[in-house]
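Structural overview for review
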There are 2 protein chains.
Amino acid sequence: MKPLYVIKIGGNVIDNSENLYYFLKDFTAIEGYKILVHGGGKIATQIGESMGIESKLVDGRRITDIETLRVVTMVYAGLINKNIVAQLQRFGSNAIGLTGADGDFIRAKKRPVKTIDYGFVGDLDEGSVNAGNISRLVEADFIPAFCALTHDGDGQMLNTNADTIASALAVALSQYYETTLVYCFEKKGVLQDINDDDSLIHDINPKRYDELKKHEIIHSGMLPKMDNAFAAIANGVRAVIIGKSDEINKLKQQQPFGTRLTQ
Amino acid sequence: MKPLYVIKIGGNVIDNSENLYYFLKDFTAIEGYKILVHGGGKIATQIGESMGIESKLVDGRRITDIETLRVVTMVYAGLINKNIVAQLQRFGSNAIGLTGADGDFIRAKKRPVKTIDYGFVGDLDEGSVNAGNISRLVEADFIPAFCALTHDGDGQMLNTNADTIASALAVALSQYYETTLVYCFEKKGVLQDINDDDSLIHDINPKRYDELKKHEIIHSGMLPKMDNAFAAIANGVRAVIIGKSDEINKLKQQQPFGTRLTQ
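Position numbers for residues start from 1 in each chain and track the written sequence from start to end. Numbering of ligands from 1 and lettering of chains from A proceed in the order in which they are written. Local features in a predicted model are, by the rule used here, given only for residues with pLDDT of at least 70; side-chain atom pairs are given and counted only at 80 or more, and totals for whole chains, interfaces and linings are based on all residues. Working from all heavy atoms in the structure, the side-chain values ignore hydrogens and water.

For chain A, an unreviewed UniProt entry supplies the name Acetylglutamate kinase and the organism Mucilaginibacter robiniae. UniProt positions are given in the numbering used here, feature names are shortened, and annotations may be inferred rather than shown by experiment. As recorded by UniProt, the Function (unreviewed entry) comment attached to chain A reads in full: "Catalyzes the ATP-dependent phosphorylation of N-acetyl-L-glutamate." One UniProt comment on chain A, placed under Subcellular location (unreviewed entry), says "Cytoplasm".

Here it is, written out as structure tokens:
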């Protein structure tokens, strides 16, 4: 199988035009099959506010009501996604900007209402990603650039977490490609000492992960990220890399980059 | 060569959710290769106003300054385009929503400043449409749905008239397909008597067009539309149809539909 990278960037890249410029330039230099997934950043909140639509939080969790869905559809799929695509094209990447509705690539289920109604939020399951359709696009020499939106197959757009989309894409495409999932992060990767960038842990396998948890080197917010990464690996992804966006060029040079999680 | 329809809809379809619903249902039923092109509608103006951005007109012509470009990128490529795609998917059309930046499909040139600075408006020329890239997407069984945005190849999105995009696509794709360009219109087509829907003129060729102009049956606002249509035909498009969106199902049934312009 041929290798394929699924690379996810978040707000720290998107909100800073200089970071974004250099990231997209370096992304273009990576050879072979690749897919970009991007989150939203602060701009959706800013634009929502300029339209008089405030972010709604319940118990600290963001709620996507119909007005918020309109804003994120405009900002994620329109403003952010198309500016990323136009820049990738400038650098020579033949990108196509996508939501999960396009090509029926990612079909989600609206989150059921239990104690909290999250609104138009879509959850993914093992059947959500249409890997065959995505593969046809990739084989036609296009580079998919996904924003954090999906659809329900019945005409409704849904807001879906970008990390989850990246992971679901990497798992589903591992039928066709040897996939590596890359999460761009504000740090160089998983650090032995969070205050020391030189304490990067280069490789973690499940056994090492258990030790790192036991010694509380990995804890709190990192735990769900790591658990999801190892779940992706258990489901066919060759490796998950957690690294800093401004070092992504190391992928091209086949140099060690960030923290590499493997089976 | 296989047939391909390029079908353009404007505000009278987009602004009315019921019209849009039935149009997209009928569009889905048309067999074979097809491309949808949609304009903006009133919603861009409404959303711009809700953000405190007013439409700027100079000598009655709309100006796309940087703020307006941000609004139309959000509304055309985000809100309108993705809702169209999600609805097409519901009906079973495997649509992908696009701007000209995606896949480098349509590369425009920013309109030069003469007496008026139109801002971020892109004009097309004979090299603008990358028909090879679009054909690869179409052959991979996707249905392109274009909004009225292009890029300059240097990272800049541009606002481009949807009629012009539809015509340029039909002309360029006539290298690969027997293309028919369909403009959906508020009337049934070109009428002998503008107040009588039963006076539809079914067929117009250049000779008939000259007669209709001489007798002032076609005049004023229709002249540039007709001239552009005959220019498209002279450049390889098999036929241009001007018809009403709610009669588009006639295309499927191979029935006469609207006014058909041919060589």
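Here the focus is the overall build of chain A. Helix and strand counts for chain A stand at 9 helices and 14 strands. Atoms counted for the radius of gyration: C-alpha only. Globule rule: 2.2 Å times the number of residues to the power 0.38. Taken over C-alpha atoms, the radius of gyration comes to 18 Å for chain A, in line with the 18 Å a tight globule of 263 residues would show. Reported as C-alpha extents along the three principal axes, the dimensions of chain A are approximately 45 × 45 × 35 Å. Put simply, chain A has 263 residues, and 56% of those count as buried. Counted over contacts in chain A with a minimum sequence separation of 6, partners at least 24 positions apart contribute 68%. To measure how exposed things are, a 1.4 Å probe is used in the Shrake-Rupley method; for residues, cover is taken only from the protein chains shown. Here chain A has roughly 11,400 Å² of accessible surface; of this, 46% comes from carbon and sulfur atoms. Secondary structure elements are defined from DSSP: runs of H or I of at least 4 residues count as helices, runs of E of at least 2 residues count as strands, and each element is numbered from the N terminus. Think of it in three bands: with a 1.4 Å probe and only protein chains considered, a residue is buried below 20% of the maximum accessible area for its type, exposed above 50%, and partly exposed in between. Note on contacts: a residue pair is in contact if any heavy atoms of the two residues lie within 4.5 Å.

Another aspect to go through is the interface of chain A and chain B. On the chain B side, the residues contacting the 41 residues of chain A number 41 residues. Once two parts are brought into contact, the accessible area they lose, counted with a 1.4 Å probe and summed over both, makes up the buried area. Across the chain A to chain B interface the summed buried area is about 3,100 Å²; carbon plus sulfur atoms make up 64%. Ranking the residues of chain A by area buried against chain B places Met74, Lys82 and Arg136 of chain A at the top, with a combined share of 17%. Here a polar contact means two N or O atoms within 3.5 Å. Within protein one must be a hydrogen donor candidate and the other an acceptor candidate, and residues neighboring in sequence count only if both atoms are side-chain atoms. In this assembly, chain A and chain B are joined by 10 residue pairs in polar contact (both at pLDDT 80 or more). Of all the secondary structure elements, the ones that give two or more residues to the side of chain A that touches chain B are α3 (43–50), α4 (66–91), β5 (95–98) and α5 (131–139) of chain A. Considering every element that reaches the side of chain A that touches chain B, the biggest residue donor is α4 of chain A, with 14 residues. Counted by class, the side of chain A that touches chain B contains 18 nonpolar, 15 polar and 8 charged residues. By the convention adopted, Pro, Cys, Tyr, Trp, Phe, Met, Ile, Leu, Val and Ala count as nonpolar, Lys, Arg, Asp and Glu as charged, and the other residues, Gly among them, as polar.

Okay, the packing of aromatic side chains next. Residues and elements named next belong to chain A. Here a Phe, Tyr or Trp ring, Trp counted by its six-membered ring, pairs with any other such ring whose centre lies within 6.5 Å, and the pair is stacked when the planes are under 30 degrees apart, edge-to-face when over 60, and tilted otherwise. As enumerated under the stated definition, the model contains 16 aromatic pairs over all chains in all. When the ring of Tyr21 is compared with that of Phe91, the centres are 5.2 Å apart and the planes differ by 80°; the resulting orientation is edge-to-face. One end of the pair, Tyr21, is in helix α2 (residues 17–29); the other, Phe91, is in helix α4, with 70 residues separating them in the sequence. Taking relative accessible area as the criterion, Tyr21 reaches 28% and is therefore assigned partly exposed. An aromatic cluster of at least three residues, connected via ring pairs, comprises Tyr21, Tyr22 and Phe91.

The least-squares superposition of copies is restricted to C-alpha atoms, and to residues with a pLDDT of at least 70 in both copies. In screw terms, the move from chain A to chain B is a rotation of 180° and a rise of 0.0 Å along the axis, fitting with an RMSD of 0.0 Å. Within this description, the copies of the chain are treated as partners about a two-fold rotation axis. The fraction of interface residues of chain A whose copies in chain B are also interface residues reaches 100%, indicating that both copies meet through the same surface.

To continue, consider the layout of surface pockets. Residue and element names in this part refer to chain A. Cavity and pocket criteria rest on a 1 Å grid covering protein atoms alone: a 1.4 Å probe that fits but cannot get out defines a cavity, protein on both sides within 12 Å along at least 5 of 7 lines defines an open pocket, and an atom within 4 Å of a point defines a lining residue. Grid points are joined across faces, edges and corners, and a volume is the space filled by probe spheres set on the points. In this model, the second largest pocket occupies a volume close to 910 Å³. The wall of the second largest pocket is formed by 37 residues, among which Arg62, Tyr76, Asn159, Thr160 and Asn161 lie closest to the centre. The set of elements that each furnish at least two residues to the lining of the second largest pocket consists of α3, β4 (61–63), α4, β7 (122–123) and α6 (162–173). Taken together, the residues of the lining of the second largest pocket break down into 11 nonpolar, 16 polar and 10 charged.

In this section: the sheet that holds strand β13 (residues 239–244) of chain A. Residue and element names in this part refer to chain A. Pairs of strands are assigned from DSSP output, requiring at least two bridges between the strands. Taken in spatial order, the 8 strands of this open sheet run β5-β8-β2-β1-β11-β13-β14-β12, and their pairing is mixed. Only two strands of the sheet have a single partner each, and these edge strands are β5 and β12 (203–204). Alignment of strand β2 (residues 33–38) against strand β8 (residues 143–146), held across 2 bridges, turns out to be parallel. When the bridges of β8 are listed, Val37 appears paired with Phe146. To obtain an axis, a line is fitted to C-alpha atoms, over the contacting stretch when the element is a helix, and the angle between two such axes runs from 0 to 180 degrees between their N-to-C directions. Along the sheet face, α6 touches β1 (2–9), β2, β8 and β11 (177–185) and points at about 165° away from the line of β11.

Time to look at the UniProt feature "site: Transition state stabilizer" (unreviewed entry) in chain A. All names here are of chain A. Per the UniProt record, the feature "site: Transition state stabilizer" (unreviewed entry) sits at Lys8 and Lys225. Taking the farthest pair of C-alpha atoms as the criterion, the annotated set spanning 218 residues converges on one region, since that pair is 13.0 Å apart. Cross-referencing the annotated residues with the second largest pocket identifies Lys8 as lining it. One can find Lys8 in strand β1. Looking at Lys8, the relative accessible area reads 11%, which means it is buried. The contact partners of Lys8, leaving out residues within four places of it in the chain, are Val37, Ala162, Asp163, Ala166, Val182, Tyr183 and Cys184. At 2.7 Å, the side chain of Lys8 forms a polar contact with the side chain of Asp163. Checked against the element boundaries, Lys225 lands in helix α8 (residues 222–234). Using a relative accessible area of 31% as the deciding quantity, one classes Lys225 as partly exposed.

Take the pattern of salt bridges next. When a carboxyl oxygen of Asp or Glu lies within 4 Å of a side-chain nitrogen of Lys or Arg, that pair is called a salt bridge. For the structure on display, the rule yields 24 salt bridges over all chains. Between Glu178 of chain B and Arg238 of chain B there is a salt bridge, with the nearest N and O atoms lying 3.0 Å from each other. One end of the pair, Glu178 of chain B, is in strand β11 (residues 178–185); the other, Arg238 of chain B, is in the loop between α8 (222–234) and β13 (239–244), with 60 residues separating them in the sequence. Put simply, Glu247 of chain B and Lys250 of chain B hold a salt bridge, and the shortest N to O gap is 3.7 Å. Connected through salt bridges with shared partners, the residues Lys8, Asp163 and Lys225 of chain A form a single ionic network.

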